Amino acid sequence: MDLIRSHHAEWDIQAGLDRTRGPERRRTFWKGFWNQDSDPSHGKLFQRNLEGRVSPAGGPLRNCKCGDDMNNANDSNTSDTVAAETRAASILESGRNCWRIERADRLALIVDAADYFVHLRQVLIAAKREVLLIGWDFDFEIDMLPGETETNGLAPDGYPKQLGDFLEAVVENSPELHIYMLKWNGAVIAAPGRFLPTMALRVFAHERIHFALDGHHPFGACHHQKIVVADDSIAFCGGIDATEDRWDTSEHAPDDARRTRKDGSLYGPWHDATTALTGAAARALAELSRRRWHRATGDEITAPDDAPPPVWPDGLPVALRDVDVGIARTEPPYDGAEIINEIELLYLDAIKAARERIYIESQYFATESVCAALEERLKEDDGPEVVVINPESAKSELEDRAMHVLRGRMIRRLRAVDHAGRFRIYHPVNAARVPIYVHAKILIVDDRLLRIGSSNLNERSMGFDTECDVAFECDEAEARDTGQVIAGFRARLLAEHFGAASEVVEQLHRDGHSILEIIDELNSDIGRGLVSIEPEKEDWLDGMFADKRLLDPRYLPGETTSAGQGIRPRHLAVAAAVVGIGFLGWYVWRSRSRT
């Protein structure tokens, strides 16, 4: 954290900031970050990298062959040498833009919840000692395998299909297994229909199922991490919640009857993504989860010392073996702890390092620092292409006013500086041209870095809510497989949006087509495709929501909060419950007194 604080202090000085809040201060703050010690050609920054042996992210060069003979190079080949050495520098930097860099023995990339729930069930069924479930929300009544044939009320794997009953059966069949479930306390308010099932699980569940609501956050913030770890050996980390409206296949078929809520209504197509990891990376995610549990409950969870080896799910392709994975977090200032904004720094460092293409999928597009970074890249004569995939609209009118008005403003800003036509923002549609809701949180830079996690491109995810992302990179010439996996995953995502085969996108890429040229080649006005997003007109109410960021606040580095001191969210929840019970008692008493 000292390193992070020192960098932010440097940016504050360079930008000449005061400590006031507001959009203009944010813009100036991150402009200071972007412009430090660099010019549009990157020449000064690259030269400093070589002389001081530091990466574009500010840390030491890793896997970089910087020899003394470079000082003897003539001016004609210095720029080529510098560019080659900088490409080899790592973007990921432990202690700055990620918490830890740990080795994953195996890593898989999972798109959409239909596949995720299948693999998740296999991992939980195989667990022997401990399962850690950290989530924004859990809906214990969801059908994890809709459409699957049932025998005696059980799925083909022999277990109940509903999440709550499934977890009970898993514990019953594994006599030494303990399950720890940590859910954001505000989800009970956000989805009041799930309050009774949640309380029922807490009160009546098996004694080896431990459930807690986490209110250890500033008022109005949420716990947004989505992590599952089994036996400290295999983990999932990404953007998929085990809750209502998430299940869908990558076909996102129109009117798919399997996308049915408990009340019988249909919900729309939903696009999402997560990862599976084994090895030291999984153990690090377990450590992070236990820290969350301890902060929320005060209780320590002891790591299993005799955990069995990981059971890799059947049918889950291994994308990479023996790959270094960065784990990046957002944590707001709380109880005297300072802000952790590793995720924001990773976004900015990755954007700064991009050469040819930046591909983003996110639920929102409203992060000031990221918009400022993209503005600088679009101003360049030969900067990267930028493609953003968003949902068409938010899930409610209030959210739409608060968030997508901000998106419209950022679209206008980026288009104003996009002199070469390198910026596009789209929303996907299915075969019936019905908008697909994008909940995935993905960043892909060139064939070099891939990030998947829980963080959205909004202010909350950068400095208000808790988030956890994982990222890996291709930072050396020998790691060609990693670069191929990154390129292949981007092709797989684009192919899904067009209803095409990944091989078609990959071939166009090999033929030298840019990402924008690939989109223009495959996109169609009929059936599946991508539809350009245009900013909507603002009225006074839209402007108020956007200006005040009422649903999208954040803390900036160096700012503190009294959160955790005095009245806390759980105190307000208890007070509200007491008032509610008191009102109900008074109402019953009054009704009886009238009879």
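For the structure, see preceding data.
This write-up is about the structure you can find in this document. (Residues numbered from 1 in each chain as written. Predicted model: local features only at pLDDT ≥ 70, side-chain atom pairs only at ≥ 80, totals over all residues. Heavy atoms only, no water.)

**A few points about the overall build of the protein chain**
Stage number 1. The helix and strand tally for the protein chain stands at 18 helices and 18 strands.
Stage number 2. For the protein chain, the proportion of its 595 residues judged to be buried stands at 57%.
Stage number 3. Considering only residue pairs separated by 6 or more positions, the protein chain has 78% of its internal contacts joining residues 24 or more positions apart.
Stage number 4. When the accessible area of the protein chain is evaluated, it comes to approximately 24,800 Å², of which 52% is carbon and sulfur surface. (Helix = DSSP H or I, 4+ residues; strand = E, 2+ residues; numbered from the N terminus. Buried < 20%, exposed > 50% of the residue type's maximum accessible area, 1.4 Å probe, protein only. Contact = heavy atoms within 4.5 Å. Areas by Shrake-Rupley, 256 points an atom, 1.4 Å probe, with all protein chains shown as cover.)

**Considering the nonpolar core**
Stage number 1. Residues Leu-285, Ile-442, Leu-450, Phe-472 and Phe-489 are the most contacted members of the largest nonpolar core, which totals 56 residues.
Stage number 2. Among the elements that take part in this core, helix 14 (residues 480-498) stands out by supplying 8 residues, more than any other.
Stage number 3. Excluding residues that lie within four positions of it along the chain, Ile-442 makes contacts with Ala-273, Tyr-359, Ile-360, Glu-361, Leu-450, Arg-451, Ile-452, Phe-489 and Leu-493.
Stage number 4. Membership of the second largest hydrophobic core comes to 41 residues, among which are Val-123, Leu-124, Leu-177 and Phe-236. (Core = buried A, V, L, I, M, F, W, Y, C linked by side-chain atoms within 4.5 Å.)

**Here's the deal with the pattern of salt bridges**
Stage number 1. Tallied over the full model, the rule gives 39 salt bridges.
Stage number 2. In this structure, Glu-93 and Arg-96 form a salt bridge, with 4.0 Å as the shortest nitrogen-oxygen distance. For the pair Glu-93 and Arg-96, a shared accessibility class is recorded, and that class is buried.
Stage number 3. A salt bridge links Arg-292 to Asp-214, with the shortest nitrogen-to-oxygen separation between them at 3.0 Å. In this pair, Arg-292 is assigned in helix 9 (residues 280-297) and Asp-214 in strand 4 (residues 209-214), connecting sequence segments 78 residues apart. (Salt bridge = Lys/Arg side-chain N within 4 Å of Asp/Glu carboxyl O.)

**Some words on helix 15 (residues 502-510)**
Stage number 1. Along helix 15, the positions that sit buried rather than exposed are Ser-502, Val-505 and Leu-508. Buried residues of helix 15, seen end-on, are gathered within an arc of 130 degrees and therefore sit on one face of the element. Counted as exposed and oriented over 90 degrees from the buried face of helix 15: Glu-503 and Arg-510.
Stage number 2. Turning to helix 15, the residues buried within the fold contact helix 14 and helix 16 (515-522).
Stage number 3. Positive backbone phi, approximately 95 degrees, marks Gly-512, located one or two places after helix 15. (Arc of directions from axis to C-beta.)

**As for unusual backbone geometry**
Stage number 1. For Asp-322, which is not glycine, the phi dihedral falls at a positive 50 degrees.
Stage number 2. With respect to the helices and strands, the residue Asp-322 is situated in strand 9 (residues 320-331).
Stage number 3. One non-glycine residue, Arg-549, lies in the positive phi region at around 50 degrees.
Stage number 4. One can find Arg-549 in the loop between helix 17 (540-548) and helix 18 (569-594).

**Things to note about helix 11 (residues 368-379)**
Stage number 1. The terminal C-alpha atoms of helix 11 lie 17 Å apart, and with 12 residues this matches the ideal 16 Å at 1.5 Å per residue to within 8%.
Stage number 2. Of all the 12 residues making up helix 11, 11 are buried; the element is thus mostly covered by neighbouring parts of the structure.
Stage number 3. Every buried residue of helix 11 is listed here: Glu-368, Ser-369, Val-370, Cys-371, Ala-372, Ala-373, Leu-374, Glu-375, Glu-376, Arg-377 and Leu-378. (Expected span 1.5 Å × (residues − 1).)

So yeah, pure geometry; function would need other evidence.
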